[in-house]
Amino acid sequence: MDIGENSRDWAELLPQIVFELDKSGEVIFANREAFDTFGYTRAEFDEGLNALQMFVPEDRDRVTESIAQVFNEIDLGAVEFTALCKDGSTFPTEVYAAPIIQDGQTVCMRGFLLDISKRKQAEQALHQKEEYFRALIENSAEAIAIVDKDATVRYHGPSIQNVLGLKAEERIGKSVFDIVHPDDMSKTTEALTELVQNPGATIQGEIRVQHKDGSWRFLEITGHNLINNPAVKGIVANFRDITERKQAETALQDSEERYRSMAETAIEGIYQVDAAGDFIFVNDAYAKILGYSPNELLGKHHHIIIPDESIEDAVEITTATTSGQPHKGEFALKHRLGHLVPAYFSMVALECSGQEPGFTGIIHDITERKQAETALQDSEERYRSMAETAIEG
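Residues numbered from 1 in each chain as written. Predicted model: local features only at pLDDT ≥ 70, side-chain atom pairs only at ≥ 80, totals over all residues. Heavy atoms only, no water.

The next point concerns the overall build of the chain. Tallying secondary structure elements over the chain gives 13 helices and 15 strands in all. A fraction of 44% describes how many contacts in the chain between residues 6 or more apart in sequence connect residues 24 or more apart. About 23000 Å² of surface is accessible on the chain, with carbon and sulfur atoms providing 51% of the total. (Helix = DSSP H or I, 4+ residues; strand = E, 2+ residues; numbered from the N terminus. Contact = heavy atoms within 4.5 Å. Areas by Shrake-Rupley, 256 points an atom, 1.4 Å probe, with all protein chains shown as cover.)

Next up, the structure:
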């Protein structure tokens, strides 16, 4: 059964684990990343692998329940489990899954499995750091320094060794600029000058600083001018390493670009609509199905492709969707030339940071299927008429 060979092709390129399961939990497809991560071979896959083998025993009842819920078209969102590799090693995961529907029937489920080890480690590290630094002043971070107005370091807390691999005494009496990245030198100088000229002021920024091992680390720095405070007589700088966050942001941006590229070249019509009802993304396939170019739809209200007589139904569907109820089904859309295009649609809420939700989804042009159904119905009517005439004769 073909459940999306094109999808499987691009799944092989993804850095995440992509899988497909049947109702019993048997693995019917897994991408290369899955084999590399779990340690199973293609031969073992051909012999038959069940999803339960991939999770620790104490999670297997939840896995079984989740599979049943997906096949019942229940949206589970992200579910966390502990994965079990062939060699016995484990790692925390976050699983996203959805049913694959053909001809109105759920034929299998497809999902992504993400290794969240780093996130869990980061959460644990953050908790430990919060406990460690709770006795520091409110605006302190992982490390603290006091700097004179000429940028000479007068004090460093011991935690600088955790951040930059340096002992505090190695930096005392040295200039801040000694370890600042050349490309960040200008903005660091400007920030320090501004801070020195404004007693009591606070300034924040991000710069790259050289670690003792020679690597460059991104630091988030908060500087507070306490030169006029007789107990301090300097600029207090609190800073923390945000290198991993920066790397994660870059990875996320790259990932979003990859997915956007896939969406733009997909054969299914893909669209996104904001809270105001305006198109903010349509791929070429979506626009082509309705006789437009993508640019002709972007910024337009989505009712441009809804027949007048169906506006009320469309509003009801979109309102329910943005309230958290995914929708799927058939709907006739209005082509640019005025005729109706029968389509199968699937849509979910589109969360936008700090804004009311919009919605996003896919459409599939089912014109040929509808024409075939009509032709079959007409044929049945003709044969029925002929049969009735023969009986009467």
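Continuing now.
Attention now moves to the packing of aromatic side chains. Applying the stated criterion to the full structure yields 7 aromatic pairs. Aromatic rings pair up to connect Tyr271, Phe279, Tyr286 and Phe359 into one cluster. (Phe/Tyr/Trp six-rings, centres within 6.5 Å; stacked < 30°, edge-to-face > 60°.)

What follows covers helix H12 (residues 311-322). Over its 12 residues, H12 runs 16 Å from end to end, which matches the ideal 16 Å to within 8%, given 1.5 Å per residue. As for H12, its buried residues are in contact with strand S13 (327-334), strand S14 (340-350) and strand S15 (358-365). Of the residues one or two after H12, glycine 324 is the one with positive phi, at around 105 degrees. (Expected span 1.5 Å × (residues − 1).)

Turning to the nonpolar core, a few remarks are in order. For soluble globular proteins, nonpolar side chains are generally found buried alongside one another. Judged by nonpolar contacts, the single largest core of 26 residues is most densely connected at Leu21, Val27, Phe38, Met54, Ile67, Met109 and Leu113. When neighbours within four sequence positions are excluded, methionine 109 is seen to be in contact with Phe19, Glu20, Leu21, Ile67, Val70, Phe71, Ala97, Ala98, Pro99 and Ile100. Within the second largest apolar cluster, 22 residues are counted, among which are Phe279, Ile289, Met347 and Ile363. (Core = buried A, V, L, I, M, F, W, Y, C linked by side-chain atoms within 4.5 Å. Buried < 20%, exposed > 50% of the residue type's maximum accessible area, 1.4 Å probe, protein only.)

Before going further, it helps to spend a moment on the pairing of strand S12 (residues 279-282). Two strands pair when backbone bridges link them, and strand S11 (residues 269-273) and S12 are joined in this way by 3 bridges, in the antiparallel orientation. The partner of valine 273 across the bridge, within S12, is phenylalanine 279. The hairpin formed by S11 and S12 contains 5 residues between the paired strands, and glycine 277 there has a positive phi angle of roughly 90 degrees. (Pairing = 2+ DSSP bridges.)

It is worth spelling out the sheet that holds S12 at this point. Taken together, the 5 strands give an open sheet; going across it, the order is S12-S11-S15-S14-S13, and neighbouring strands pair in antiparallel fashion. With one partner strand each, in any of the chains shown, S12 and S13 form the two edges of the open sheet. Recorded for the sheet is a direction-independent mean angle of 30 degrees between the axes of neighbouring strands. Note that S13 and S14 share 8 bridges and pair antiparallel. Note on S14: the bridge partner recorded for leucine 333 is valine 341. On the sheet, H12 packs against S13, S14 and S15 and is oriented at approximately 25 degrees with respect to S14. (Axes fitted to C-alpha atoms, helices over the stretch in contact; angles between N-to-C directions.)

Another point: the pairing of S15. Pairing of S11 with S15 involves 5 bridges; the strand directions are antiparallel. Within the sheet, the bridge partner assigned to isoleucine 270 lies in S15 and is isoleucine 362. With 8 bridges joining them, S14 and S15 adopt antiparallel strand pairing. Within the sheet, the bridge partner assigned to phenylalanine 345 lies in S15 and is isoleucine 363.

For glutamate 80, the location among the structural elements is in strand S3 (residues 79-84). Those residues in contact with glutamate 80 that sit more than four places away from it in its chain are Arg62, Thr93, Glu94, Ile116, Arg119 and Lys120. A distance of 2.9 Å separates the side chain of glutamate 80 from the side chain of lysine 120, its partner in a polar contact. (Polar contact = N/O pair within 3.5 Å; in protein donor to acceptor, adjacent residues only side chain to side chain.)

This part takes up empty space enclosed by the protein. Evaluation of the coordinates by the stated rule reveals 2 cavities of 30 Å³ or more. A volume near 360 Å³ is recorded for the largest cavity. At the level of secondary structure, the elements contributing two or more residues to the lining of the largest cavity comprise strand S1 (17-21), strand S2 (27-30), helix H2 (32-38), helix H4 (60-71), S3, strand S4 (90-102) and strand S5 (105-115). With 4 residues, the top contributor of residues to the lining of the largest cavity is H4. Of the residues belonging to the lining of the largest cavity, the class tally is 25 nonpolar, 2 polar and no charged. Put simply, the parts of the chain that give the lining of the second largest cavity at least two residues each are S11, H12, S13, S14 and S15. Split by residue class, the lining of the second largest cavity holds 15 nonpolar, 2 polar and no charged. (1 Å grid on protein atoms, 1.4 Å probe; cavity = no way out; pocket = protein on both sides within 12 Å on 5 of 7 lines; lining within 4 Å. Points joined across faces, edges and corners; volume = space filled by probe spheres on them. Nonpolar A, V, L, I, M, F, W, Y, C, P; charged D, E, K, R; others polar.)

The next point concerns unusual backbone geometry. Positive phi, close to 65 degrees, is recorded for glutamate 73, a residue that is not glycine. Topologically, glutamate 73 is positioned in the loop between H4 and S3. Residue glutamate 73 is classed as partly exposed on the basis of its relative accessible area, which comes to 42%. In this model, lysine 233 sits at a positive phi of 55 degrees, which is unusual for a non-glycine residue. Looking at where lysine 233 falls in the secondary structure, it is placed in the loop between strand S9 (216-226) and strand S10 (234-241). Judged by its relative accessible area of 53%, lysine 233 falls in the exposed class.

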